[in-house]
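Observations on the model geometry
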Amino acid sequence: MNPIIRRALPHGAKPHVGIVGAGVSGLRCADILLQAGHKVTILEARNRIGGRLCQASVKGGNLVDLGPNWIHGTEDNPILDLAKETNTVTHNWDGRQCIYNQQGSMLPEKEAAEAAETIWSIIGDGMEYAKEHGDSIPSSKSLLDYLQEKTKDLYQDEEIDGAAEQKKINLLLKIAEMWGAFVGSGVEKQSLRFFWLEECIDGDNLFVAGTYKKVLERIARPALDGADVQFGQRVKKVETKYGEGEAEPTKVEVELDDGKTLDFDEVVMTTPLGWLKRNKEAFVPALPKRLSNAISNIGYGCLDKIYITFPQAFWNTPDSTPSKSDIPTTARTSIPNTTATTAPVHSIDPNATPSPHHPGFTQWTAPLYASDTNPEAWNQECVNMAALPEGTAHPTLLFYTFGPTSQHLASILSSDPLSDPQNPSPAVTAKLLDFFAPYYSRLPHFDASSPSCAPVGVLATGWTNDELAGYGSYCNFPVGLENGDRDVEVLRQGLPERRVWLAGEHTASFLALGTVTGAYWSGEGVGRWIEGVYGGGQAGLRN
């Protein structure tokens, strides 16, 4: 982007910047602008800060994150710095996994670890392959296509018959479906050509055991102290205005749902990509074709969470503790880091003492035993919150859902218009438990007659039903995408010539797309750009 220098405002006034959205990117942008002495107004449609980064309490009072649970990458990551500053507890999982086959039987832990390790290695190879050969990879080729190719001849050197070989391959492909929980869409929809855009900052993937609450408060403090933060303000139109005979815009007028209008010198749109997809007509003049196409081209996931809380963690017993030699770990340290949500790549300490708890991650592959509630046999997976560090652990299973599963659960959540996802009605709760019971009931020591095995609370995120979230969460890169990297760059550039800027996880640097760090950096980058165009800071600086 070529640097733009604005005309000096009358009487040495500082620009008035309107920021639409009080999520991480908007809050960080406000911080940068306030430091530069600019006037900042934040228009937030919700009645709180944070956007998709927010918390709620499960039954028993334990706080959980409704949005991000992870810090993706630990090398030079400002979010990790904030976690340390605020004494937020993070957790590095030991990498163990519990995997159930299609019939509902638990695989031996060594077999599960080896199978998962094989898939992670292939996924890592696929990311490297995409980096090296992206331009020559057909846009129609999916990650699933690549996985099928790589697993096809994997066991040819082993002395097993064809049926046994195919069974092992099928298991690997079913385990690979876990990738959908990283980006909100299935492996069959993930572009191989742009798979490299899923790589993250190097280092560990840390689970935020203490939730993002204190980090969010720290990020928000400057904006809440220095900006005019207006809640309950839904933006209907963003119009760039020109003076008579003027080629350069003079202001941006923002119209709210109630008809009220506000004038700004610059406007920063931090609304989610899903919102942009559905509200292109809000921009006047119409968006340039290339930007409009970029908004359409980048995918938008449906990643949701269901927390199910029990009186106690009946599944947490020491009888399945493995020895360290049972768990392969070497391959995972040599492949790229990703936006992992289950079985993260760089979160294994080979010298760690094995946990006495049930594994941190459980996956039920393509279940054939839940045809009434899951006739399509969608994979299910959960995180064992009872295996978190002391002081943060509680008897809760966190189920990650994506794609059609999230859409199905969204229909259940919306079946009662008066029901709140974070506190669903008894009827909605019963339907949700009917869906998940075939899975948690297969965990060790489940006894349907025992009160300790009866859920006491259900909490859902409900992003797939959330208009302000754009009916989903997180950008991704679908099959058919031709110029995904350039599309991101176009989004990142925004419309500075119209005094309109875009920020959010979908405009982040390539190593932080779809992450809290990416949202933070994007807001910071736009703030510095605006500071620069008025003659201060570093014009042209974007992370």
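Scroll up a little and you will see the structure.
Residues numbered from 1 in each chain as written. Predicted model: local features only at pLDDT ≥ 70, side-chain atom pairs only at ≥ 80, totals over all residues. Heavy atoms only, no water.

**Brief notes about the overall build of the protein**
Selection rule: Every helix listed is a DSSP run of H or I at least four residues long, and every strand listed is a run of E at least two residues long, numbered separately from the N terminus. All radius of gyration figures rest on C-alpha atoms, and the globule criterion is 2.2 Å times the number of residues raised to 0.38. Two residues qualify as a contact provided that any one of their heavy atoms is within 4.5 Å of a heavy atom in the partner residue. Note on areas: Shrake-Rupley, 1.4 Å probe, and residue coverage restricted to the protein chains presented here. When charges are counted, neither His nor the chain ends are considered; positive counts come from Lys and Arg and negative counts from Asp and Glu. Charge placement uses NZ in Lys and CZ in Arg. For Asp and Glu, CG and CD serve respectively.
The secondary structure content of the protein amounts to 13 helices and 21 strands. The globule rule puts the C-alpha radius of gyration for 543 residues at 24 Å, and the 24 Å found for the protein is close to it. In the protein, the share of contacts with a sequence separation of at least 24, taken over all contacts with a separation of at least 6, comes to 74%. For the protein, the accessible area works out to roughly 21300 Å², and carbon and sulfur atoms hold 47% of it. For the protein, the centre of its 47 positive side-chain charges and the centre of its 67 negative side-chain charges are spaced 6 Å apart.

**Section: the sheet that holds strand β16 (residues 361-364)**
Basically, it comes down to this: Pairing between two strands is assigned when DSSP locates at least 2 bridges connecting them. Fitted lines through C-alpha atoms serve as axes, helices being fitted only where they are in contact, and the angles separating the N-to-C directions of these axes extend from 0 to 180 degrees.
Here we have six strands laid out as an open sheet, ordered β6-β16-β17-β18-β15-β19, and mixed in their pairing. Across the chains shown, the open sheet's two edge strands, defined by having one partner strand only, are β6 (97-100) and β19 (457-460). On average, each strand axis in the sheet is inclined to that of its neighbour by 20°, with strand direction left out of account. Here β6 runs beside β16; their pairing, made up of four bridges, is parallel. From the neighbouring strand, Q97 faces β16, where its bridge partner is F361. Its contacts with the sheet put helix α10 (residues 403-413) on β15 (304-309), β17 (380-384), β18 (396-401) and β19, and the angle it makes with β18 is roughly 115°.

**Some points on the environment of W364**
Condition: Only protein chains enter the accessibility calculation, which uses a 1.4 Å probe. A residue is then buried if its area is under 20% of the maximum for its type, exposed if over 50%, and partly exposed in between.
Considering the arrangement of structural elements, one finds W364 in strand β16. Taking the relative accessible area as the measure of exposure, W364 reaches 0% and is therefore buried. A C-alpha to C-alpha distance of 35 Å links W364 and D76, two positions 288 residues apart in sequence. Here W364 is in contact with Y100, Y369, N379, Q380, E381, C382, F399, Y439, Y440, R442 and L443, once residues within four sequence places are set aside.

**What about the state of the cysteines?**
The line we're drawing: Note on terminology: pairs of cysteine sulfur atoms within 2.5 Å are recorded as disulfides.
Per the stated rule, a full pass over the model turns up zero disulfides. C382 takes part in no disulfide bond, and the closest cysteine sulfur to it belongs to C98, at a distance of 8.5 Å. For C382, a relative accessible area of 2% puts it in the buried group.

**Some points on α10**
When we look at burial in α10, the residues that qualify are G403, T405, S406, L409, A410, I412 and L413. Next to the buried residues of α10 lie β15, β17, β18, α11 (426-440) and β19.

**Let's talk about empty space enclosed by the protein**
Threshold: Only protein atoms enter the 1 Å grid, on which a cavity is a set of points fitting a 1.4 Å probe that cannot get out and a pocket is an open set with protein on both sides within 12 Å along at least 5 of 7 lines, lining residues being those with an atom within 4 Å of a point. Grid points are joined across faces, edges and corners, and a volume is the space filled by probe spheres set on the points. Put simply, Ala, Val, Leu, Ile, Met, Phe, Trp, Tyr, Cys and Pro go in the nonpolar bin, Asp, Glu, Lys and Arg in the charged bin, and everything else, Gly too, in the polar bin.
Applying the stated criterion to the full structure yields five cavities of 30 Å³ or more. Roughly 200 Å³ of internal volume is contained in the largest cavity. Lining the largest cavity are 19 residues, with H72, F182, L303, Y474 and G514 positioned closest to its centre. Those elements that place two or more of their residues in the lining of the largest cavity are β5 (70-72) and α6 (180-183). Its residues placed into classes, the lining of the largest cavity shows ten nonpolar, seven polar and two charged.

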